[in-house]
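Descriptive structure summary
Take a look at the letters that make up each chain.
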Amino acid sequence: MSNLIKEKQDELKELLPGQHSYTSLDDQIGSLILDNKRHPKVWYLFVAFGFIGANILLMSIAWLVFQGIGIWGNNQPVGWGFDIINFVWWIGIGHAGTLISAVLLLVRQQWRNSINRFAEAMTIFAVMCAGLYPLLHTGRPWVAYWLFPYPNILAMWPQFRSPLIWDVFAVTTYITISALFWFIGLIPDFATMRDKTKHPIASRIWAALALGWRGSAKHWHRYEQAYLILAGLSTPLVLSVHSIVSLDFAVSIVPGWNVTVFPPYFVAGAVFAGFAMVLTFAIPLRKWYGLHDLITDKHLDWMAKIMLTTGLIVFYGYLSEVFYAWYSGVIWEQALIQNRFFGPYAAAFWALWLCNGIIPQILWFPKARKNVVVLFVVSQFISVGMWLERFVIIPMSLHRDYLPSSWGMYTPTFWDFSFFFGTIGFFIMLMFLFFRFVPVINIFEMKDLLFKKLESKEDGHAAPVPVGGKGGE
Amino acid sequence: MPKVEIRPAHAHHHEDSDLLYGVCAEFNAPGDLIRAVEQAREAGFTQMDCFSPFPIHGLSDAMAFHDVKVPYAIFFAGCIGGIVGLSLQYYTAVIDYPMNVGGRPLFSWPSFIPVTYESTILCAGLAAVFGMLAFNGLPKPYHPVFSTPNFGRASQDKFFLCLENHPGFDANKAEEFLKSMNATQVSRVDAEEAGDWTK
């Protein structure tokens, strides 16, 4: 028993090293908003870069709305191109945020506390980028409300047997719940900012956002109930969203799509890509803002382990696709694999195996997981790899299906790239504005962690109840 | 609140007890707060609330506050969401707009599961957030307790206990009690709603 206590104490020490007090936590996190000097010059650079990207996106949207989706490379037989690739890629990236905030809360992993806030922000921004693509792909985004069931003069209803309509419900539910989860997590921190700031206008903005939160014990009681149950609801939600996205493919009869392994392997891939994106932002963030005390090497190490695990699941998925094709005896499936290995887009396929299958294996080495440069580079490969995965699945299956006479090729146009680059810029802009204007780390959960650390020091036993757990038992 | 009006303790001695919100004490540590709550209940104080920068586990139990409205609201909202979601699909696919797709049954329920599921989660999630806010009486930009001296620290590093006024409440006794509890300061708080963030 005493070993267990010792372990718990060591873990808390590792998660929150240094001599922190409640006030110093407030200062370290809150001053990112209150003190402009804590933002390095590179912040302006990234916001400017993001702003340019966002404008390119706006121009692309304007041209698309004016001209129609013919400006993209989509054709017959490849009806789904960059738009759907990017949709799936972005939505996958979003999944790590929910995983960190909800799943890790439920399994009582306290290390989530210092990364959940910005991972959730990442989720919301990524889903915003994702949602744009199918919306614009409809060709007439101004009548996108036709997707929702509402009584109309045409007396028509959506076809609820179609995975595409499931997608509409899954993605709108997902962004609503993610935004709510993020917002209620922020309410107590907005109250802290309201009470800390001396700026008259800022304090009014915080006061409005905090909704008059006063930290009442009765409020906290209901707050924690709501937060924990919301986490419990988000966990199956996040699994359902990417499963439903994968059913967009798996329910069809296109070779390479009609496989039962898709839902779990899409979910694993989403987590894999999402953690890569979390690391992509966490590593520079903690360096530029001196947050080594809050986002520790231990955090990076654990994220790397999750990437390694989900990467293996994804790679298992790739291998099982090859196996299915051979074992099924279906010539079209076998032709598809042959096309992947040696066809016109074989380079993308082998790059995918390199990025997602081989390079992440370096994370087996503890030294690699502790080296931020290695972690950052591996994360970039994974992001590229997960994009390639969707390229391999979507155009490579569509361009050669059952009838050789209807085969074709897919070439993305300038506008495909401008949309892709545009959403990346938009995402970067939102992330950096978020770093500047919203508490980037959950202040009250860090205080809770600190309280446990102080308490465990005082009376020699750790209090392993995490935020959201029912106390007093 | 942006401008907590600092008033010296005992500045107000109201004869009219209706004008008193309660007697509030400030503590440095959560442990002191929990002890004070437990002993306040033993001393016969029934109405109280605590204010802290983070949730303190065991405090609800110490206050004997066992509210379960939020979980029930979430459960029923989830049930309603699921039923509405499934009924909507049944109505559209079977009654109002029946479409024969390859001879499959009109009520092809397995393909209705995803939307039913999503609408369940959506309604439950909305109930979790808005139910929590509603039962907590938020948003509420003005509240008497905001005029407690130093109350801005309740969201930072201090822990407050407020023994609330009610018929038969003895403010002097409450003050004496709180002073004996290792509080760093004790003050009487007016019932007028303070902390006006628009000022």
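Only a predicted model underlies this, so the values are computations on that prediction, with no experimental measurement involved. (Residues numbered from 1 in each chain as written. Chains lettered and ligands numbered in written order. Predicted model: local features only at pLDDT ≥ 70, side-chain atom pairs only at ≥ 80, totals over all residues.)

Topic: the overall build of chain A
When its secondary structure is counted, chain A shows 16 helices and zero strands. Radius of gyration (C-alpha) of chain A: 24 Å, near the 23 Å computed for a compact globule of 473 residues. Overall, chain A is about 75 × 55 × 45 Å in size when its C-alpha atoms are taken along their principal axes. Taking all 473 residues of chain A together, the buried fraction comes to 49%. (Helix = DSSP H or I, 4+ residues; strand = E, 2+ residues; numbered from the N terminus. Rg over C-alpha atoms; globule rule 2.2 N^0.38 Å. Buried ≥ 20, exposed ≤ 12 C-beta atoms within 10 Å, placed from the backbone.)

What about the interface of chain A and chain B?
Listed per partner, the contact involves 55 residues of chain A and 60 residues of chain B. Put simply, the parts of the chain that give the side of chain A that touches chain B at least two residues each are α2 (22-34), α6 (163-196), α7 (200-210), α8 (217-250) and α16 (443-459) of chain A. With 16 residues, the top contributor of residues to the side of chain A that touches chain B is α8 of chain A. By residue class, the composition of the side of chain A that touches chain B is 29 nonpolar, 14 polar and 12 charged. (Contact = placed C-beta atoms within 7 Å. Nonpolar A, V, L, I, M, F, W, Y, C, P; charged D, E, K, R; others polar.)

Points about the confidence of the model for chain B
All names here are of chain B. Averaged over chain B, the pLDDT score is 83; the fraction of residues at 70 or greater is 87%. Every residue in residues 1-15 scores below 50 in pLDDT, and together they form 29 contacts with partners more than four places removed in sequence or on other chains. Interface confidence for the predicted complex, expressed as ipTM, amounts to 0.87; the pTM equals 0.87. (pLDDT = per-residue confidence, 0-100.)

Here we look at the packing of α2 of chain A against α6 of chain A
The axes of two packed helices give the description: the angle between them and the distance between them. Residues and elements named next belong to chain A. Where α2 contacts α6, the axes come no closer than 11 Å and their chain directions differ by 75°. The angle between the axes of α2 and α6 places the two elements in the roughly perpendicular class. Counted together, D26, G30, I33 and L34 of α2 and T192, M193 and K196 of α6 form the full contact between these two elements. The class makeup of the residues in the contact of α2 with α6 is three nonpolar, two polar and two charged. (Axes fitted to C-alpha atoms, helices over the stretch in contact; angles between N-to-C directions. Parallel < 35°, antiparallel > 145°, perpendicular 65-115°, else oblique.)

Section: the pairing of strand β1 (residues 20-27) of chain B
All names here are of chain B. Buried residues dominate β1, accounting for eight of its eight residues. For β1 and strand β4 (residues 185-190), the ladder comprises six bridges, and the chain directions are antiparallel. The residue bridging V23 from the neighbouring strand is R188, located in β4. Taken together, the six bridges between β1 and strand β3 (residues 159-164) define a ladder with antiparallel strand orientation. Counted as the bridge partner of V23 is L163 from β3. (Pairing = 2+ DSSP bridges.)

Things to note about the nonpolar core
Core analysis: the largest hydrophobic core is formed by 190 residues, its most contacted members being V278 of chain A together with V37 and L161 of chain B. For this core, the element with the highest residue contribution is α8 of chain A, accounting for 17 residues. Setting aside anything within four residues of it in sequence, one finds L161 of chain B in contact with C24, A25, F27, L33, A36, V37, M48 and C50 of chain B. (Core = buried A, V, L, I, M, F, W, Y, C linked by C-beta atoms within 7 Å.)

Thoughts on the environment of L16 of chain A
All names here are of chain A. Among the structural elements, L16 can be located in the loop between α1 (2-15) and α2. With 22 C-beta atoms counted inside 10 Å, the residue L16 sits in the buried group. The residues contacting L16, other than those within four sequence positions of it, are L449, L450 and K453.

Let's talk about the sheet that holds β1 of chain B
Residue and element names in this part refer to chain B. Within the open sheet, the four strands sit side by side as β2-β3-β1-β4. Their pairing is antiparallel. The outermost strands of the open sheet, each flanked by one partner alone, are β2 (48-51) and β4. Taking each pair of neighbouring strands and ignoring which way they run, the sheet shows an average axis angle of 20°. Each of β1, β2 and β3 touches helix α1 (residues 30-42); the most contacted strand, β3, lies at about 15° to it. Each of β1, β3 and β4 is contacted by helix α5 (residues 171-179), which is oriented at about 5° to β1, the strand it contacts most.

Quick word on the packing of α8 of chain A against helix α3 (residues 69-96) of chain B
Where α8 of chain A meets α3 of chain B, the closest approach of the two axes is 8 Å, and the angle between their N-to-C directions is 35°. The two elements α8 of chain A and α3 of chain B cross, and the hand of that crossing is right-handed. Listed contacts from α3 of chain B to R222, Q225, A226 and I229 of chain A of α8 of chain A are V70, P71 and I74 of chain B. For the contact of α8 of chain A with α3 of chain B, a count of residues per class yields five nonpolar, one polar and one charged. (Left-handed = near helix turned anticlockwise from the far one by under 90°.)

Looking at the environment of P236 of chain A
Checked against the element boundaries, P236 of chain A lands in helix α8. Along the sequence, P236 of chain A and V103 of chain A sit 133 residues apart, while their C-alpha atoms lie 9.1 Å from each other.

Quick word on α1 of chain B
Helical geometry: 3.6 residues make up each α-helical turn, so side chains three or four residues apart lie on a common side. Residues and elements named next belong to chain B. Along its 13 residues, α1 runs 19 Å from first to last C-alpha, staying within 8% of the 18 Å computed at 1.5 Å per residue. Burial in α1 covers these residues: P30, L33, I34, A36, V37 and A40. With its buried residues spanning 160° around the axis, α1 presents them on a single face. At the exit of α1 stands G44, carrying a positive phi of roughly 100°. (Expected span 1.5 Å × (residues − 1). Arc of directions from axis to C-beta.)

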